[in-house]
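Listed here are the chains, written in short residue letters.
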Amino acid sequence: MRKRLKLNRPSLRQRARPPRHRTASGARFSAANLSGILKLQHCTACQHIQYPPAELCGVCLADALVYRDTDNGGTLLAQSDLHHSLWEYFKRRLGDGPWSVGTVQLDGGPTMIVHLGPGEMAPGDRVQVFSHSDASQSAVLIAVPDSVDLRTREARRAIVLAMGLNAPAIRPTGA
Ligand SMILES: [Zn+2]
């Protein structure tokens, strides 16, 4: 009985994970981003950079979209702090303070919603975006200030560790 309750009530689970449900296109995006800094769909017919991932190019409707390494520089358009979440994984993190998210206009590319990493960032600032495979093995996007060195996997991993995004959220005992 208790076990069944745990399955139905995320707050009773020892470990909580970030949302893992993705569309088929989203799953392919996650797979493409297992390596590299940022891979987005490029239309081989009209050169449009497509995001969010889709089956067809949003400009010319060609089905000729391929994942390629993409210039990850951009401008932070807006920033917001989340103080509440309905998702257990983020509920447990919000105890340490608000969770920052933002929108980034990628240079010559799409606008994307991202987690904001460590460091001061204000709208209008130059930022860079990288993809990370989270604790549910889904790709999420993280923006950091332009000055941060993202070239190595270790550097990117250190940012993710500082954010606490790499691991399942453990339920505080006795709470
Ligand atoms: Zn196209």
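Our structure's up above, just so we're on the same page.
In this text, all values refer to a predicted model and were calculated from it rather than measured experimentally. (Residues numbered from 1 in each chain as written. Predicted model: local features only at pLDDT ≥ 70, side-chain atom pairs only at ≥ 80, totals over all residues.)

Q: Mind laying out the overall build of the protein, listing which residues take part and the relevant values?
A: Of regular secondary structure, the protein possesses four helices and ten strands. Along the protein, from the amino end to the carboxyl end, the secondary structure elements read α-β-α-β-β-β-β-α-β-β-β-β-α-β. By the compact-globule yardstick of 16 Å for 175 residues, the protein fits well, its C-alpha radius of gyration being 17 Å. If one aligns the C-alpha atoms of the protein with their principal axes, the spans along those axes are about 55 × 35 × 30 Å. Split into buried and exposed, the 175 residues of the protein put 25% on the buried side. Long-range pairs, those at least 24 residues apart, make up 57% of the contacts in the protein with a sequence separation of at least 6. (Helix = DSSP H or I, 4+ residues; strand = E, 2+ residues; numbered from the N terminus. Rg over C-alpha atoms; globule rule 2.2 N^0.38 Å. Buried ≥ 20, exposed ≤ 12 C-beta atoms within 10 Å, placed from the backbone. Contact = placed C-beta atoms within 7 Å.)

Q: Talk me through the pairing of strand β6 (residues 99-106); I want residue IDs and the actual numbers.
A: In this structure, strand β5 (residues 73-82) lies alongside β6, joined through eight bridges in antiparallel fashion. For L76, the partnering residue across the bridge sits in β6 and is V104. Alignment of β6 against strand β7 (residues 111-116), held across five bridges, turns out to be antiparallel. Across the sheet, V101 pairs through a bridge with H115, a residue of β7. Linking two consecutive strands that pair antiparallel, namely β6 and β7, is a turn of four residues; a positive phi of about 65 degrees is found at G108 within it. (Pairing = 2+ DSSP bridges.)

Q: So what about the nonpolar core? Which residues, and what values?
A: L76, V104, V114, V127, V129, I142 and A143 are the most contacted members of the largest nonpolar core, which has 18 residues in total. When residues in this core are grouped by element, the largest group, five residues, is from strand β9 (residues 139-145). Those residues in contact with A143 that sit more than four places away from it in its chain are L76, G102, V104, V114, L116, G117, V127, Q128 and V129. (Core = buried A, V, L, I, M, F, W, Y, C linked by C-beta atoms within 7 Å.)

Q: Which residues make up the sheet that holds strand β3 (residues 49-50), and what values do they have?
A: For sheets, the rule is that strands pair by backbone hydrogen bonds, running either parallel or antiparallel. Spatially, the three strands line up as an open sheet ordered β3-β2-β4, and their pairing is antiparallel. Each edge of the open sheet carries a strand with a single partner, namely β3 and β4 (65-69). Pairing of strand β2 (residues 39-43) with β4 involves five bridges; the strand directions are antiparallel. When the sheet's bridge partners are listed, H42 is paired in β4 with V66.

Q: An account of the sheet that holds β5 is requested, with residue identities and associated values reported.
A: Spatial strand order, β5-β6-β7-β9-β8: five strands in a closed barrel with mixed pairing. Geometrically, the sheet is characterised by an average inter-axis angle of 45 degrees between neighbouring strands, direction not taken into account. The strands touched by helix α4 (residues 153-163) within the sheet are β7, β8 (126-133) and β9, with β8 carrying the most contacts at an inclination of about 85 degrees. (Axes fitted to C-alpha atoms, helices over the stretch in contact; angles between N-to-C directions.)

Q: Explain the environment of P52 residue by residue, including any values.
A: Locating P52 in the fold gives a position in the loop between β3 and β4. Sequence separation of P52 and P110 is 58 residues, and the distance between their C-alpha atoms is 8.3 Å.

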